[in-house]
Amino acid sequence: MRIRTAGVVAVLGLALAASGCGGSDSDKPAAKESAKPAGASGKLVIWADDKRTAALKPFAEQFGQENGVTVEVQAVSKDLQTNFVTASQQGSGPDVVVGAHDWIGNLVQNGAIDPVQLAAEQKSAFNETAIKAVTFNGQLYGVPYATENIALIRNTELAPEAPKTIEDLVATGKKLKADKKASEILCLQSGQNGDAYHIYPLYTSGGGYLFGTGANGDYDPKDLGVGKPESIAAFQKIAKLGEKGDGALKRSITGENSIATFTGKKCAFLVSGPWAIADAKKAGIKYDISPVPGFAGGKEAQPFVGVQAFYVAAKGKNKALAQEFVSNYVTKPELAVALYKAEPRPPALTAAFDQVKGEDPDLAKFSEAGKNGQVLPAIPAMAAIWDPFGKAEAAIIGGADPAKTITAAGKTIQGQIK
């Protein structure tokens, strides 16, 4: 079998662009059949985490058979991003890596990934938010395959009605505790180090933001929202839900026990993502999914929207094959459906989403919960946010002064942004 040349065209196009001798062909349809490129008979190495490795292997083998090459899918169980950057710097990494879109800023800054080229009609086959998420500095750096966001998962036997506000949720949770039907008001993971991802809907409803945006809609690292009056106001509201307030937010609810506490029927409300559904079903929980409610009279509660994607390694040994794989193979609905079945996150490819939504009504509910979400910032400055923001959140939930704590966190973050 021959290899279609879109990947090769992409590589040549990039080389021409780099030399200033050629224009972009990104709006042209992918090329058809062509002769196998020189050097394309080698081995294509793909790095992914454990779950995705299992789902990818049959398709990778098929790609190898069709193109007369060897394809290895290697599982990297821990620290995939860090290991990939280190391997890239040493010239020993894979040709393709699978990971979250918010890695892009770091990967580009370290010269670890190349742009990819999709024809206009290929781009239009994807969820628009997913394409936006993998676009950095005006260039497409990944091919998305799944989106994800958190929502409110509710035990409908304990709480038949979805709360309209966080105050409604707290009132229901307190009554369940008083009636000894639950021991926690809400399962929203924090732990001792906080969790910026899961608290973010409440932070935005309280008026807080992380980064402002420029005229083109891109996040602006020079406009840091943490430490500003809006963030203080948001955390003053969050503090009232904490351990010295309503007791809805607790540091004892962690990433390790939040889902288990919900499936153990100790709380009626869980803030989590599609990855929690398998455990809920296994436990026989009757549940429903709705948007995370915001504060009464506050702004919309906006969750982060994340995207999982395939990237072409800049230091890979077979970049032509890598471009071919991500541009013309990852874009097939069959592969997107297989990855969905390995882990049920909504496919980014519209045709795949339409194919599975009929058999999984939860997909539409998670998508509805994320339709007002914010794309998780992929700029390198985001790396400075997680730790100080999370620790400030945990301290405030525990009773620390919101103004002093979040102001100090803002100064720490500002000092780390280059």
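Preceding this section is the structure that the text describes.
Quick caveat: nothing in here was measured; it's all calculated off a predicted structure.

Colleague: Just to check I follow, could you spell out the overall build of the chain for this structure?
Modeller: Along the chain, the regular secondary structure elements total 17 helices and 14 strands. In the chain, buried positions account for 55% of the 418 residues. Put simply, 77% of the contacts in the chain that link residues at least 6 apart link residues at least 24 apart. When the accessible surface of the chain is summed, it comes to about 18,000 Å², and 50% of that surface belongs to carbon and sulfur atoms.

Colleague: In this structure, what is going on with the sheet that holds strand 12 (residues 287–290)? I would like to understand it.
Modeller: Reading across from one edge, 11-8-12 is the order of the 3 strands in this open sheet, with antiparallel pairing throughout. On the outer flanks of this sheet lie strand 11 (269–272) and strand 12, each paired with one strand and no other. Sheet twist, expressed as the mean angle between neighbouring strand axes with direction ignored, is 25 degrees. In this sheet, strand 12 lies alongside strand 8 (residues 151–155) in antiparallel orientation, the contact comprising 4 bridges. Bridge pairing links I153 to I289 in strand 12.

Colleague: Is there a simple way to explain unusual backbone geometry in this structure?
Modeller: The phi torsion of most residues other than glycine is negative, and most of the peptide bonds are trans. The phi dihedral of D79 falls on the positive side, at around 50 degrees, and the residue is not glycine. Its place among the elements puts D79 in the loop between strand 2 (70–75) and helix 3 (80–90). Classification of D79 as exposed rests on a relative accessible area of 56%.

Colleague: Hey, could you run me through the pairing of strand 3 (residues 96–100) in this one?
Modeller: Look at any regular strand and the pattern is simple: side chains alternate between the two faces of the sheet. Among the 5 residues of strand 3, 5 are classified as buried, and the element is accordingly described as predominantly covered. Pairing of strand 1 (residues 43–48) with strand 3, which is carried by 2 bridges, proceeds in the parallel orientation. Residue pairing for strand 3: W47 is matched across the bridge by V97. Taken together, the 5 bridges between strand 3 and strand 13 (residues 304–313) define a ladder with antiparallel strand orientation. Counted as the bridge partner of G99 is A309 from strand 13.

Colleague: For this particular structure, what's the right way to read helix 3?
Modeller: Since one α-helical turn is 3.6 residues long, residues separated by three or four positions face the same way. Among the residues making up helix 3, those that are buried are L80, F84, V85, A87 and S88. Projected down its long axis, helix 3 shows its buried positions confined to an angular sector of 165 degrees, all on one face. More than 90 degrees from the buried face of helix 3, the exposed residues found are Q89 and Q90. The secondary structure elements touched by the buried residues of helix 3 are strand 1, strand 3, helix 4 (104–109), strand 4 (113–114) and strand 13. Where helix 3 terminates, the next one or two residues include G91, which has phi positive at roughly 75 degrees.

Colleague: I tried to follow the packing of helix 13 (residues 333–342) against helix 14 (residues 350–357) on my own but got confused; where do I start?
Modeller: To characterise two packed helices, one gives the angle between the axes of the helices and the distance between these axes. Relative orientation of the contacting elements helix 13 and helix 14 amounts to 50 degrees, with a least axis distance of 8 Å. As summarised for this structure, helix 13 and helix 14 are arranged oblique, according to the angle between their axes. Where helix 13 crosses over helix 14, the two elements pack in a sense that is right-handed. Contact residues: P333, A336, V337 and Y340 in helix 13; A351, A352, Q355 and V356 in helix 14.

Colleague: I'm lost on the pattern of salt bridges in this one. Help?
Modeller: Any two side chains of opposite charge can pair, on the condition that their charged atoms come close. The tally for this structure, following the rule as stated, stands at 15 salt bridges. Of the charged contacts in the structure, one is a salt bridge between D288 and R154, with a shortest N-O distance of 4.0 Å. One end of the pair, D288, is in strand 12; the other, R154, is in strand 8, and 134 residues separate them in sequence. Note on D288: relative accessible area 24%, which makes it partly exposed. For R251, the salt bridge identified is with E243, shortest N-O distance 2.7 Å. Owing to a relative accessible area of 25%, R251 belongs among the partly exposed residues under this scheme. Each of the salt bridges in this network shares a partner with another, and the network as a whole consists of R154, D288 and K365.

Colleague: Sorry if this is basic, but what is going on with helix 17 (residues 402–416) here?
Modeller: For helix 17, which comprises 15 residues, the first-to-last C-alpha distance of 21 Å matches the rise-based estimate of 21 Å (1.5 Å per residue) to within 8%. Buried within helix 17 we find P402, T405, I406, A409, G410 and I413. Along helix 17, the residues classed as buried sweep out an arc of 135 degrees about the axis, all on the same side. Of the exposed residues in helix 17, the ones pointing more than 90 degrees away from its buried face are K404, K411 and G415. Where the residues of helix 17 are buried, they touch strand 10 (219–224), helix 9 (229–240) and helix 16 (386–397).

What counts, and at which threshold
- Each residue is numbered by its place in its chain's sequence as written, counting from 1.
- Predicted model: local features are reported for residues with pLDDT of at least 70 only, side-chain atom pairs are reported and counted for 80 or more only, and whole-chain, interface and lining totals are derived from all residues.
- In computing side-chain values, all of the structure's heavy atoms are included and hydrogens and water are not.
- Under the DSSP-based scheme used, a helix requires at least four consecutive residues in state H or I and a strand at least two consecutive residues in state E, with every element numbered from the N terminus.
- Here's how the labels work: a residue is buried when its accessible area is under 20% of the maximum for its type, exposed when over 50%, partly exposed in between, all with a 1.4 Å probe on protein chains only.
- It only takes one pair of heavy atoms within 4.5 Å for two residues to be counted as in contact.
- Note on areas: these come from Shrake-Rupley sampling with a 1.4 Å probe, and a residue is covered only by the protein chains present in the view.
- DSSP-based pairing: two strands are paired if at least 2 bridges between them are found.
- All axes here are fitted lines through C-alpha atoms, helices being fitted over the stretch that makes contact, and every angle between N-to-C directions spans 0 to 180 degrees.
- Throughout, the arc means that of the directions going from the helix axis to the C-beta atoms.
- Geometric relationships in this document are graded by angle, where less than 35 degrees denotes roughly parallel, more than 145 denotes roughly antiparallel, 65 to 115 denotes roughly perpendicular, and other angles denote oblique.
- Crossing handedness follows the turn of the near helix against the far one: under a right angle anticlockwise gives a left-handed crossing, and clockwise gives a right-handed one.
- Salt bridge, as applied in this entry: a Lys or Arg side-chain nitrogen positioned within 4 Å of an Asp or Glu carboxyl oxygen.
- Multiply 1.5 Å by the residue count of a helix minus one, and that product is the helix's expected span.

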